[in-house]
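Spelled out, the chains give:
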Amino acid sequence: MAPKKAKRRQQQGEGGSSNVFSMFEQSQIQEYKEAFTIIDQNRDGIISKDDLRDVLATMGQLNVKNEELEAMVKEASGPINFTVFLTMFGEKLKGADPEDVIVSAFKVLDPEATGAIKKEFLEELLTTQCDRFTAEEMTNLWAAFPPDVAGNVDYKNICYVITHGEEKEE
């Protein structure tokens, strides 16, 4: 009995992807599946250099060098099917805290639980503490997450984008 269990554990560990689906919420897996389908232009279930070239062309990037496409495809250990695609994102996101943890950190800065922080306060923290943001990074932050007319920044939206990669649909 023990050898079978050891063999099963070994097989699961070899691919490294057996647990990839447990890393994401079902809604995230669906979003990644939609992205995979868009990128897999020829619908063969594998993302190739040609697929990448075609999808980049649809986004206006027409002169992508073959070396750049090669480098993108070589980030994977083999053919990029959906499981490999999801594993690659899982590896990139490893170390990122779950959304609720990030929201809890922001809540410390929001004692009245409004769901927002003053732009000036957040900017001061981000430019003077720990890994300080540059002026350019602040400009990019405000372009991505503009404050409302009262100067408040919706930190829950920032947390969502950090963990899901795009804004919630209202």
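Per an unreviewed UniProt entry, the protein goes by the name Myosin light chain 2 and belongs to Sparus aurata.

**So, the overall build of the protein**
On a plain count of helices and strands, the protein comes out with nine helices and two strands. The buried share of the protein, reckoned over its 170 residues, is 26%. Taking the contacts inside the protein whose residues are at least 6 apart along the sequence as the reference set, 53% of them involve residues at least 24 apart. Surface accessibility of the protein: about 11900 Å² in total, with carbon and sulfur atoms responsible for 53%.

**Describing the layout of surface pockets**
Roughly 460 Å³ of internal volume is contained in the largest pocket. Surrounding the largest pocket, 16 residues form its lining, Ile-39, Leu-52, Met-72, Phe-85 and Phe-89 being those nearest its centre. Elements that contribute at least two residues to the lining of the largest pocket include exactly α2 (26-39), α3 (49-58), α4 (66-74) and α5 (82-93). Looking at the lining of the largest pocket element by element, the count peaks at four residues for α5. Looking at the lining of the largest pocket residue by residue, the class counts come to 14 nonpolar, no polar and two charged.

**Let's talk about the environment of Asp-97**
Within the element layout of this structure, Asp-97 appears in the loop between α5 and α6 (99-107). Filtering out sequence-adjacent residues up to four positions away, Asp-97 remains in contact with Ile-102 and Thr-163.

**Section: the UniProt feature "domain: EF-hand" (unreviewed entry) in the protein**
Here the UniProt feature "domain: EF-hand" (unreviewed entry) sits at residues 27-62. The span residues 27-62 is 64% helical and 0% strand by assignment, and the distance between its end C-alpha atoms comes to 32 Å.

**Focus on α3**
For an α-helix, 3.6 residues make a turn, and residues three or four places apart therefore share a direction. The set of residues buried in α3 consists of Asp-51, Leu-52, Val-55 and Leu-56. Viewed along the axis of α3, the buried residues span an arc of 125°, placing them on a single side of the element. The outward face of α3, more than 90 degrees from its buried face, is lined by the exposed residues Asp-50 and Thr-58. Where the residues of α3 are buried, they touch α2 and α4. One or two positions beyond α3, positive phi appears at Gly-60, with a value near 95°.

**Here's the deal with the packing of α6 against helix α9 (residues 155-164)**
In a packed pair of helices, the relevant descriptors are the angle between the two axes and the axis-to-axis distance. Where α6 contacts α9, the axes come no closer than 9 Å and their chain directions differ by 150°. Put simply, α6 runs roughly antiparallel to α9. With respect to the hand of their crossing, α6 and α9 are arranged in right-handed fashion. Each of Glu-99, Ile-102, Val-103, Phe-106 and Lys-107 in α6 lies in contact with α9, whose residues at this interface are Tyr-155, Lys-156, Cys-159, Tyr-160, Ile-162, Thr-163 and His-164. Among the residues making up the contact of α6 with α9, the classes are represented as seven nonpolar, two polar and three charged.

**Quick word on unusual backbone geometry**
Not every positive phi belongs to a glycine, and Arg-43 is a case in point at roughly 55°. Its location among the elements puts Arg-43 in the loop between α2 and α3. The class of Arg-43 is exposed, set by a relative accessible area of 53%. Residue Ala-113 is not a glycine yet carries a positive backbone phi of 55°. If you trace the backbone, Ala-113 turns up in the loop between α6 and β1 (116-118). We classify Ala-113 as exposed; its relative accessible area is 66%.

What counts and what doesn't
Residues numbered from 1 in each chain as written. Predicted model: local features only at pLDDT ≥ 70, side-chain atom pairs only at ≥ 80, totals over all residues. Heavy atoms only, no water. Helix = DSSP H or I, 4+ residues; strand = E, 2+ residues; numbered from the N terminus. Buried < 20%, exposed > 50% of the residue type's maximum accessible area, 1.4 Å probe, protein only. Contact = heavy atoms within 4.5 Å. Areas by Shrake-Rupley, 256 points an atom, 1.4 Å probe, with all protein chains shown as cover. 1 Å grid on protein atoms, 1.4 Å probe; cavity = no way out; pocket = protein on both sides within 12 Å on 5 of 7 lines; lining within 4 Å. Points joined across faces, edges and corners; volume = space filled by probe spheres on them. Nonpolar A, V, L, I, M, F, W, Y, C, P; charged D, E, K, R; others polar. UniProt positions renumbered as here; feature names shortened; annotations may be inferred. Arc of directions from axis to C-beta. Axes fitted to C-alpha atoms, helices over the stretch in contact; angles between N-to-C directions. Parallel < 35°, antiparallel > 145°, perpendicular 65-115°, else oblique. Left-handed = near helix turned anticlockwise from the far one by under 90°.

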